[in-house]
Amino acid sequence: MSEITRVPAGLYGVAVSETGISRSASDGSLVFRGYGIKDLFEKASFEECAFLILEGHLPTKGELDDFTSNLRAHWPLPTNVYQIIKAMPRDSHPMDVVRTAMSGLGANEHSLSPKEQQYSLVAKMPALVANCYRIVRGMEVMEPEEDMNFAWNLLYMLTGKRPDAFDAWAFERELILYLEHDLNASTFTVRVVASTLADVYAACTAGAAALKGPLHGGANEAAMQMLLEIGSPEKAAAYLQESLSKGRKVMGFGHRVYKKVDPRAQLSKGMLKTLLEHRHADDKLYRLADALEQAMWQAKRIPANLDFYAAPIFYTLSLPIETYTPIFAASRVTGWVAHYNEQLAENKLFRPDSIYTGPNDLSYVPIEKR
Ligand code: ACO
């Protein structure tokens, strides 16, 4: 083996895989399989984008119908998964329950074919995410509605109310933005686990574990809590200065790839404005987020990321804050599955090297002499 070389902390700027699934770039562009994110955000359905991510091309009408009915056939959760969820402590964070239920689902479905396992996992995420939250918070179980789509059903089961078409459409736009994002921390985790030839549930459960952290998917919940704490646009600049002077990270800002603009954040910002206008609602939340974004840009030249603007959209849609990261997971599972397949198509076990910095040449000392 050649000499071990030190790589940048956090693998900053290091490519560890090739991928044909998506590409984010520092110029603020994002493509899914060659299609620009703005085009997909404005024109496509979640199901079309999920098919695109999984299968590599936009579906024909027939392919989309088959895909949608295949997902529907896999909606119901096994009874055993409900039992696992019910056994979780009542004060669990829903994301911990989601991660556990995903693992439990794998234990139930080990005899399915790999393709069926993948459909099952993607299809079950709305009912799984919604009912993980509902059950630990003492609410009754809800099932998806037969003729409705992924986004409508997830919003319906999380809020317990039949959403109107506009709200479901706005929510679906955010799910499209969350679908896939090349080699972020959770997707890298999925690929590492896939490289051991573990099953898709194991890989995606590991992805969910990585997603929970506040530097990654957990940031959308933290960003909303911060916006509520600030309370009004007039207080944004002072709050920011205080946070920066205390060396605190401001949640929902910054990105490893996007250093000037996160295109998903800007699309979400427009969506927040549209949603509030559609509801004839006070635009205070929009003005507050905008004020904080501007103050952060002036102070540090750090842009808002997707989590920063998805959070107030979810809030406006009456979604409980503790469900924001699980919602991210419900959508991102599709990207994880696509990366799982891509990893296996040309697999090589991930096994990086390390540079040992511990002591050498110590002699064992019996316990009574220590
Ligand atoms: N608040 C304050 N300072 C920040 C922030 C932030 N949100 N983000 C970056 N910085 C600062 C860093 O402190 C660092 O300053 P320094 O050079 O003086 O030490 C500098 O900007 C560079 O930042 P890094 O952390 O090196 O950037 P990196 O690419 O490693 O981190 C990350 C990206 C982890 C997302 C970071 O920006 C962060 O912690 N943001 C807050 C959490 C967040 O919003 N995560 C969501 C990511 S997007 C997603 O998951 C959809």
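Everything here concerns the structure above.
Calculation rules
- Residues numbered from 1 in each chain as written.
- Predicted model: local features only at pLDDT ≥ 70, side-chain atom pairs only at ≥ 80, totals over all residues.
- Heavy atoms only, no water.
- Helix = DSSP H or I, 4+ residues; strand = E, 2+ residues; numbered from the N terminus.
- Rg over C-alpha atoms; globule rule 2.2 N^0.38 Å.
- Buried < 20%, exposed > 50% of the residue type's maximum accessible area, 1.4 Å probe, protein only.
- Contact = heavy atoms within 4.5 Å.
- Areas by Shrake-Rupley, 256 points an atom, 1.4 Å probe, with all protein chains shown as cover.
- Lys, Arg positive; Asp, Glu negative; His and termini not counted.
- Charge placed at Lys NZ, Arg CZ, Asp CG, Glu CD.
- Near = heavy atom within 4 Å.
- Polar contact = N/O pair within 3.5 Å; in protein donor to acceptor, adjacent residues only side chain to side chain.
- Nonpolar A, V, L, I, M, F, W, Y, C, P; charged D, E, K, R; others polar.
- Salt bridge = Lys/Arg side-chain N within 4 Å of Asp/Glu carboxyl O.
- Disulfide = S-S within 2.5 Å.
- Patch = residues over 30% accessible without salt bridge, like charges linked within 9 Å, V, L, I, M, F, W, Y side chains within 5 Å.

## What to know about the overall build of the protein chain
A count of helices and strands for the protein chain gives 16 helices and three strands. Taken over the C-alpha trace, the protein chain has a radius of gyration of 22 Å; the compact-globule value for 370 residues is 21 Å, and the two agree within 12%. When burial is assessed residue by residue, the protein chain has 51% of its 370 residues classed as buried. Residue pairs in contact within the protein chain that sit at least 24 positions apart in sequence constitute 76% of those at least 6 positions apart. Counting every atom, the protein chain has about 17400 Å² of accessible surface; 54% of that belongs to carbon and sulfur. Taking the 39 positively charged and 44 negatively charged side chains of the protein chain as two groups, their mean positions are separated by 6 Å.

## Focus: the site of the ligand
Of all residues adjacent to the ligand, which total 21 residues, the nearest are Leu 215, Val 250, Gly 252, Phe 253 and Arg 256. Within the backbone of Leu 215, one N or O atom sits 2.8 Å away from a nitrogen atom of the ligand. At 2.9 Å from an oxygen atom of the ligand is found a main-chain nitrogen or oxygen belonging to Gly 252. When the free accessible area of the ligand is taken as 910 Å², the share hidden by the protein chains comes to 70%. Among the residues forming the shell around the ligand, the class breakdown is ten nonpolar, five polar and six charged.

## Some points on the side chain of Asp 182
Position of Asp 182 relative to the elements: it lies in the loop between α8 (165–178) and α9 (185–194). An unpaired buried charge is present at Asp 182: no salt bridge exists, and Arg 23, the closest side chain of opposite charge, is 7.7 Å distant. Here the side chain of Asp 182 touches Ser 24 through a polar contact of 2.6 Å, side chain to side chain. Residues contacting Asp 182, with those up to four places away along its chain left out, are Ser 22, Arg 23, Ser 24, Thr 187 and His 339.

## Examining the state of the cysteines
Disulfide: a covalent bond connecting the sulfur atoms of a pair of cysteines. What the rule picks out here adds up to zero disulfides. Free cysteine Cys 132: the closest other cysteine sulfur is in Cys 204, separated by 15 Å.

## A closer look at the side chain of His 74
Counting through the fold element by element, His 74 comes out in the loop between α3 (61–73) and α4 (79–86). Ignoring sequence-local partners within four residues, the contact set of His 74 consists of Glu 116, Tyr 119, Ser 120, Ala 123 and Lys 124.

## Notes on a nonpolar patch on the surface
Residues Val 7, Leu 11, Val 14 and Val 16 make up a contiguous nonpolar surface patch of roughly 250 Å² in combined accessible area. Classification of Leu 11 by relative accessible area gives partly exposed; the value is 31%.

## A short note on the pattern of salt bridges
Enumeration according to the criterion identifies 20 salt bridges in this entry. Among the salt bridges present, the one from Asp 65 reaches Lys 61, with a minimum N-O distance of 2.9 Å. Highlighted residues: Asp 65 and Lys 61, both in helix α3, separated by four residues, approximately one helical turn. The class of Lys 61 is exposed, set by a relative accessible area of 62%. A salt bridge links Arg 191 to Glu 342, with the shortest nitrogen-to-oxygen separation between them at 2.7 Å. Of the two residues, Arg 191 is situated in helix α9 and Glu 342 in helix α16 (residues 324–345); the sequence distance between them amounts to 151 residues.

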